[in-house]
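Take a look at the letters that make up each chain.
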Amino acid sequence: MEDQLNDRVRRICALVVGMFYCVAAHCLDTQVTTFVKIVGITSHTISESSLILRSSKEQPITTDCINRCRSLLNCQAVVVDYEKNACFNSTALASGYKNSDFEKVNYFEKICLQVSGCDRIWIFEEVRGRQLVGMDDRVIEPVSTKQQCQELCLQEKEFRCRSGEYDHMLLQCRLSVVDRRQRPSSFKPANNSVYYFDNLCVERTTNQCDYREHEDLDIDRHDVLLLAFTVDQCKALCDGNREFLCRSFIFLSSAARCWLSGDDTFSITNKSHLVSYIGRHLYDRTDCMKITLSCSQDTMTLHVETQEPFKGKIFSKSKPRTCKLYGQGQKDIWFTMPVLLPKCGIIKEDQQTFINTLVVQEHPIIQRKVDHVVLLRCIINNKNNTVMSTTDITVRGGSTPSIINATAPSPYIHLKITDSSNQEVTGTKLGEDLSFQIETNNNSIFDISARELVARNSRSDEFITLLDDRGCPVDPKIFPILKKVPNTKTLQGNFEAFKFTEDTVVRFQVKVHFCVEQCEVVSCGQNRRRRQVQDTDVFPDFPLQKEIIVEGITVIKLNKDNKFNITVKGKGVVCTSKRVVAGIIAGLVLLLVAVLGISLGFFILKKANKKQTLLPGPKK
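Residues numbered from 1 in each chain as written. Predicted model: local features only at pLDDT ≥ 70, side-chain atom pairs only at ≥ 80, totals over all residues. Heavy atoms only, no water.

(A) Seen up close, the sheet that holds strand 34 (residues 463-467). Spatial ordering of the open sheet is given by 31-39-38-33-34, a layout of five strands whose pairing is mixed. Of all strands in the sheet, those with a lone pairing partner are strand 31 (428-429) and strand 34, marking the two edges. (Pairing = 2+ DSSP bridges. Helix = DSSP H or I, 4+ residues; strand = E, 2+ residues; numbered from the N terminus.)

(B) Spatial organisation of the environment of Gln31. Tracing the backbone through its elements, the reader meets Gln31 in the loop between helix 1 (2-14) and strand 1 (32-39). Note: C-alpha distance between Gln31 and Ser116 (85 residues apart in sequence) is 8.4 Å. A polar side-chain atom of Gln31 sits 2.9 Å from the main-chain amide nitrogen of Leu28. (Polar contact = N/O pair within 3.5 Å; in protein donor to acceptor, adjacent residues only side chain to side chain.)

(C) Quick peek at unusual backbone geometry. Of note, the bond from Glu141 into Pro142 is cis; its omega dihedral lies within 30 degrees of zero at -5°. Structurally, the position occupied by Pro142 is in the loop between strand 10 (138-140) and helix 4 (146-155). Backbone geometry places Leu171, a non-glycine residue, at a positive phi of 55°. Checked against the element boundaries, Leu171 lands in the loop between strand 11 (163-167) and strand 12 (172-176). In the Ramachandran plot, Asn487 falls in the positive-phi region, its phi being about 65° despite a non-glycine side chain.

(D) Main features of the sheet that holds strand 16 (residues 224-227). Judged by pairing direction, the sheet is antiparallel, and its five strands sit side by side in the order 15-19-17-18-16 without closing on themselves. Edge positions in the open sheet fall to strand 15 (211-218) and strand 16, since each of these has one partner strand only. On average, adjacent strands in this sheet sit at an angle of 25° to one another, irrespective of strand direction. As paired strands, strand 15 and strand 19 (residues 275-285) are joined by seven bridges and run antiparallel to one another. Opposite Leu217, over in strand 19, you have Ser276 as the bridge partner. Helix 5 (residues 231-240) rests against strand 15, strand 16, strand 17 (248-252), strand 18 (257-261) and strand 19 of the sheet, and its axis sits at about 150° to strand 17. (Axes fitted to C-alpha atoms, helices over the stretch in contact; angles between N-to-C directions. Contact = heavy atoms within 4.5 Å.)

(E) Just the nonpolar core, in detail. The biggest cluster of nonpolar side chains holds 32 residues, and the ones touching the most others in it are Phe436, Ile438, Leu466, Phe498, Phe508 and Val510. Elements with a contribution of two residues or more to this core: strand 30 (413-418), strand 32 (433-440), strand 33 (446-456), strand 34, strand 36 (491-496), strand 38 (505-516) and strand 39 (542-551). Counting residues per element, this core draws most heavily on strand 38, which supplies five residues. Look past the residues within four positions of Val510 in its chain and what remains in contact with it is Leu415, Phe436, Ile438, Ala450, Arg451, Glu452, Leu453, Phe542, Pro543 and Leu544. One finds Cys65, Ala228, Cys238 and Leu245 within the second-largest nonpolar core, a separate group that totals 29 residues. (Core = buried A, V, L, I, M, F, W, Y, C linked by side-chain atoms within 4.5 Å. Buried < 20%, exposed > 50% of the residue type's maximum accessible area, 1.4 Å probe, protein only.)

(F) Representation of the pattern of salt bridges. Considering all chains together, one arrives at 29 salt bridges under this definition. Residue Lys546 pairs with Glu424 through a salt bridge whose shortest N-O separation is 2.9 Å. Remark: Glu424 occurs in the loop between strand 30 and strand 31 and Lys546 occurs in strand 39; sequence separation between them is 122 residues. A relative accessible area of 5% means that Lys546 is categorised as buried. Classification of Glu424 by relative accessible area gives partly exposed; the value is 37%. Across the pair Lys511 and Glu452 runs a salt bridge, and its minimum N-O distance is 3.1 Å. Highlighted residues: Lys511 in strand 38 and Glu452 in strand 33, separated in sequence by 59 residues. Given the relative accessible area of 32%, Glu452 is considered partly exposed. Look at the salt bridges and you will find they share partners, linking Glu125, Arg180, Arg181, Asp198, Arg247 and Asp264 into a network. (Salt bridge = Lys/Arg side-chain N within 4 Å of Asp/Glu carboxyl O.)

(G) Inspection of the packing of aromatic side chains at higher detail. Inspection of every chain in the model, using the stated rule, returns eleven aromatic pairs. Between Phe498 and Phe508, the aromatic rings sit 6.1 Å apart at their centres with planes inclined by 70°, giving edge-to-face as the arrangement. Placement of the pair is Phe498 in the loop between strand 36 and strand 37 (499-500) and Phe508 in strand 38, with a sequence separation of ten residues. Under the relative-accessibility criterion, Phe508 is labelled buried at 1%. Members of the aromatic cluster, each reached through a chain of ring pairs, are Phe436, Phe479, Phe495, Phe498 and Phe508. (Phe/Tyr/Trp six-rings, centres within 6.5 Å; stacked < 30°, edge-to-face > 60°.)

And the structure:
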């Protein structure tokens, strides 16, 4: 009887449009008690009177809080406050939810399932009002509750259900073999009636999945603290964690501390919640890519399997021009190289071993820190005609210090590139967090906007458009829209340092538009229209240019006839050409001529004045 009553209550609640959500404080003996982590919300009801647990800032309490809520008969949900390192019993049905974008909290709601999921203490991660567009592998209707939809995902046999959506207005359950991290470009806003969820019980492969490193940064949402003496030990603890799906870890070598977290830089939409902390290094997982190698007596073949359609480039690090392959949107890529021909730069290490280094680049033109560098080795035993192969992911990005080279800015408007400390950089490396800023006088009657931002290499034979003629980003994952810094007229956009395949130079060229009083706000939605020229347009667009040198995975062809080496202390060797040196010399000569001209002018003027003073005055 109690089971039927609970089911009837849930069916009624499922028809209420987003005002309330049905949760159970206590599950039946025949049900499985577990939790769902709901991203971006918290409860109005948390107060000191509902405190469950509080601890020192050093020791995370997430798992203890959830386990205590599991055992409490009156606990429907628990709010973990990472700022206070405390958790509170939430009675969400009493007063609903509120947005948590400005609070460092996570909301875990107790649910009762009819089927078993896995041993994780929370097995779903939910985002409300979002959906994966065009990724439905199975649509089931009518489904009376979201929990039934989640159960269908857990029970799916024909494919691995990684995510699902439940629309309580349509009573529709949509299941997918991919999730929002695998298809971030398809993760779109939806009606408030749609609940998206990730199935955290699906095993995530760690084969050839790397972590992105963020120096001196803390996610400040720790769920577990463990002991580790190296980064690899901490990584292994994150990969092997069974209590929850570990999405990132923080390592502090000086104290042998390893903090694990169910959040990462993807799930935290408010980046101000990330904390600068000297000595701590944040690592979050990047997309997985399966890379295998097969060998024969004559060929070396790389097989790359990707989760997203591959439209990037695979090339030999030593022979990038003659040995390359461009992706055409496929997920299975085969790249075969002849062992004995010099085309791909395969090296015979000894009598039986052939090696080569390839770069798997996710973008066809530019290189970023997420790209893979793969060391290939084929061992051929001529005696028994056996072939062995090994594949090593040796590098991810680069860490060589670099030098900046910038053009002179206009005296009335200034383009600069700064680091995370807002200092104009004198060096950067692949994958570093940078800020692109265009400054102008705040007291001016003119406002500015930017459009047609292009990045080129040093020869201008490769380029990528970052902002179109409206000022909208072509690929927001590479470069975002430029926004106003509050209370200023400065335009700013944050991005990760990238480079071109065979060049360390990245030359930014942008057109700055002047408007009287205030420029029109750039709209980059799906229904955006081409910008119309307004009556306030009184000046032509002003071009700005800035060059930076980004060191990373770089292949440079040396030619002793047109190459010079300039040694810079502490920065290694910077390569330039005769043309650049000739330009510098010509500039110095012109400067010297100008200085001599000015000096000669002063000398002639002084002599004329002296002659005038020696002339006799008029007779009286």
